[in-house]
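Examining the three-dimensional arrangement
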Amino acid sequence: MAVRNILVAYNGTPSSDAALSAAAFMGNKYDAHVTGLMATVSRIDIVGRPWLPDAIQKTILDLDREHMKDMEARFREKMAGELPDEKLHWIAQRGEADATVSDYAHMYDLTVVGRHDAVLGDERLELHPDRIALKSGRPVLVIPQTWSQPLFHEHALLAWDGNRSATRALSDAMQLLELKQLVTVLTVKAKGVGRALKGINVETVLSRHGVATDVVSMKQNGRHVSDIILEECANRKAGLLVMGAYEHSKFREDLLGGVTNTVLRECPIPVLLSH
């Protein structure tokens, strides 16, 4: 299935501005519709209506509406000339940001989210792409602040361990990988790597989709898997990393650290996450 319907979560942070640029680039590349989504909880919902006089409630609601309008104006200004008007859309929705984006993600081929930025003084606006991928069960493309179109090389790296989340990532990313000049399939021989299957492997799957592959298998040798993935992305000048998210529980990764958390925090290129 081709990419025809792209959702980009927007909250005005530098990373979400980078996500807009990436979504515009992909919208043109795939001849797709791009929808900007601004989701936030009203301050009234946080404070509680029964305790606020009507006049103060009205003032807060007016401020919320103005903020939404400002975000839409900023979205349209940044996207002006990037896509035909009929393929550019905007949705403003009240609701908890991650949960709302996750709900909308069900209706789109791909959701583009900037890497998490802290929004000082207004946590209502913060977006957490890992949580969105986890809640939605849909592919999420995470864009770092430093992203620029010239760095979007037609070379992807697939972090492959044969397990459920990596398999889901491969399936979700196939519509992107089919247009890459080369996909490096990187397997790190570590505990938990899925067993090889007789008669079929990931290189065969990709080749049947017309994708050229370079297969790399590395021993862990006491290193963190995330460090090996990041180093190989840099060495091979990959423009996209595809990986499964949270093969272990998110709570465990948050508590002890893990591959997903480290990669999302440090990877300088877009990361396509699936869970």
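Everything below is about the structure printed above this text.
All chains use their own residue numbering, which begins from 1 and follows the written sequence. A pLDDT threshold of at least 70 governs which residues receive local features in this predicted model, and a stricter bar of 80 or more applies before side-chain atom pairs are shown or counted, although totals over entire chains, interfaces and linings include all residues. Hydrogens and waters are ignored; side-chain quantities use all the structure's heavy atoms.

As a further point, take helix α3 (residues 54–79). Numbering of helices and strands runs from the N terminus; a helix is a DSSP stretch of H or I covering at least four residues, while a strand is a stretch of E covering at least two. Residue count minus one, scaled by 1.5 Å, sets the expected span of a helix. Here α3 spans 38 Å end to end across 26 residues, near enough to the 38 Å set by a 1.5 Å rise per residue. Between buried and exposed lies partly exposed: a residue is buried under 20% and exposed over 50% of the maximum accessible area for its type, with that area taken using a 1.4 Å probe on protein chains only. Of all the residues in α3, the buried ones are Gln57, Ile60, Leu61, Asp64, Met68, Met71, Phe75 and Met79. Directly after α3, the chain includes glycine 81, whose backbone phi takes a positive value near 80°.

Keep in mind that most residues, glycine aside, have a negative phi and that most peptide bonds are trans. Of note in the backbone geometry, aspartate 31 takes a positive phi value of approximately 55° without being a glycine. Along the chain, the position of aspartate 31 falls in the loop between α1 (14–30) and β2 (33–40).

If you check which residues of helix α8 (residues 225–235) are buried, you get Ser226, Ile228, Ile229, Leu230, Glu232 and Cys233. Each element contacted by the buried residues of α8 is listed here: β6 (155–159), β7 (182–189), β8 (213–219), β9 (240–244) and α10 (259–266). Just downstream of α8 lies lysine 237, where phi reads positive at about 55°. Every residue pair with non-hydrogen atoms within 4.5 Å of one another is taken to be in contact.

Moving on to the packing of helix α4 (residues 97–105) against helix α5 (residues 129–136). Convention adopted: a line fitted to C-alpha atoms gives each axis, helices being fitted over their contacting stretch, and angles between N-to-C directions are expressed from 0 to 180 degrees. Contact geometry for α4 and α5: axes closest at 9 Å, N-to-C directions at 45°. One finds that α4 runs oblique with respect to α5. The hand of the α4/α5 crossing is right-handed. The residues of α5 that touch α4, namely those facing Asp98, Ala99, Val101, Ser102 and Ala105, are Arg131, Ile132, Lys135 and Ser136. For this scheme, ten residues count as nonpolar: Ala, Val, Leu, Ile, Met, Phe, Trp, Tyr, Cys and Pro. Four count as charged, namely Asp, Glu, Lys and Arg, and the remainder, Gly too, count as polar. Among the residues forming the contact of α4 with α5, the class breakdown is 4 nonpolar, 2 polar and 3 charged. Angle categories: roughly parallel below 35 degrees, roughly antiparallel above 145, roughly perpendicular from 65 to 115, and oblique for all the rest. Working rule for handedness: look at the near helix, and if it is turned counterclockwise from the far one by less than a right angle, call the crossing left-handed; if clockwise, right-handed.

What follows is about the sheet that holds strand β5 (residues 140–143). The criterion for strand pairing is that DSSP finds at least two bridges linking the strands in question. Read from one edge of the open sheet, 10 strands run β3-β2-β1-β4-β5-β10-β9-β6-β7-β8, paired in mixed fashion. If you trace the sheet from one side to the other, it starts and ends with β3 (88–94) and β8, each paired once. Each adjacent strand pair in this sheet contributes to an overall mean axis angle of 25°, direction not counted. Where strand β4 (residues 110–114) lies against β5, 4 bridges are found, and the strand directions are parallel. Bridged to threonine 111 within β5 is valine 140.

With that settled, consider the pairing of β7. In terms of residue burial, β7 counts as a mostly covered element, since 6 of its 8 residues are buried. Pairing geometry for β6 and β7, over 5 bridges, is parallel. Among the inter-strand pairings, histidine 155 is bridged to a residue of β7, identified as leucine 182. Remark: the β6/helix α6 (residues 164–177)/β7 crossover connection has right-handed handedness. Sheet topology note: the β7/β8 ladder contains 7 bridges and is parallel. What sits directly across from valine 183, in β8, is threonine 213. Look down the strands so they point away from you; if the path from the first strand over the helix to the second goes clockwise, the crossover is right-handed.

Running from N to C, α1 and α3 cross one another at 45°; their axes reach a closest spacing of 10 Å. Classified by the angle their axes make, α1 and α3 are oblique. Crossing hand, α1 versus α3: right-handed. Contact residues: Asp17, Leu20 and Ala24 in α1; Arg74, Phe75, Lys78 and Met79 in α3. Partitioned by chemical class, the residues of the contact of α1 with α3 number 4 nonpolar, no polar and 3 charged.

Looking now at the nonpolar core. Counting 47 residues, the largest nonpolar core has Val112 and Leu206 as the members making the most contacts within it. No other element matches the 9 residues that α1 contributes to this core. Setting aside residues no more than four positions away along its own chain, valine 112 makes contact with Ile6, Leu7, Val8, Ala9, Ala19, Ala23, Leu141 and Ile143. Nonpolar cores are built from buried Ala, Val, Leu, Ile, Met, Phe, Trp, Tyr and Cys residues. Side-chain atoms within 4.5 Å join them into one set. Core analysis: the next-biggest nonpolar cluster, separate from the first, contains 32 residues, Met243, Tyr246, Ile269 and Val271 among them.

With that settled, the discussion passes to the environment of glycine 162. Among the structural elements, glycine 162 can be located in the loop between β6 and α6. Residue glycine 162 is classed as partly exposed on the basis of its relative accessible area of 35%. It is 8.4 Å that separates the C-alpha atoms of glycine 162 and valine 202, two residues lying 40 residues apart in sequence.

On to the packing of aromatic side chains. Here a Phe, Tyr or Trp ring, Trp counted by its six-membered ring, pairs with any other such ring whose centre lies within 6.5 Å, and the pair is stacked when the planes are under 30 degrees apart, edge-to-face when over 60, and tilted otherwise. The final tally for this structure, using the stated rule, is 3 aromatic pairs. A centroid spacing of 5.0 Å and a plane angle of 40° characterise the contact between phenylalanine 75 and tryptophan 90, whose relative ring orientation is tilted. Here phenylalanine 75 is found in helix α3, whereas its partner tryptophan 90 is found in strand β3, with 15 residues between them in sequence. Tryptophan 90 shares its class with phenylalanine 75; the two are buried. An aromatic cluster is present here, built from Tyr10, Phe75 and Trp90 joined pairwise through their rings.

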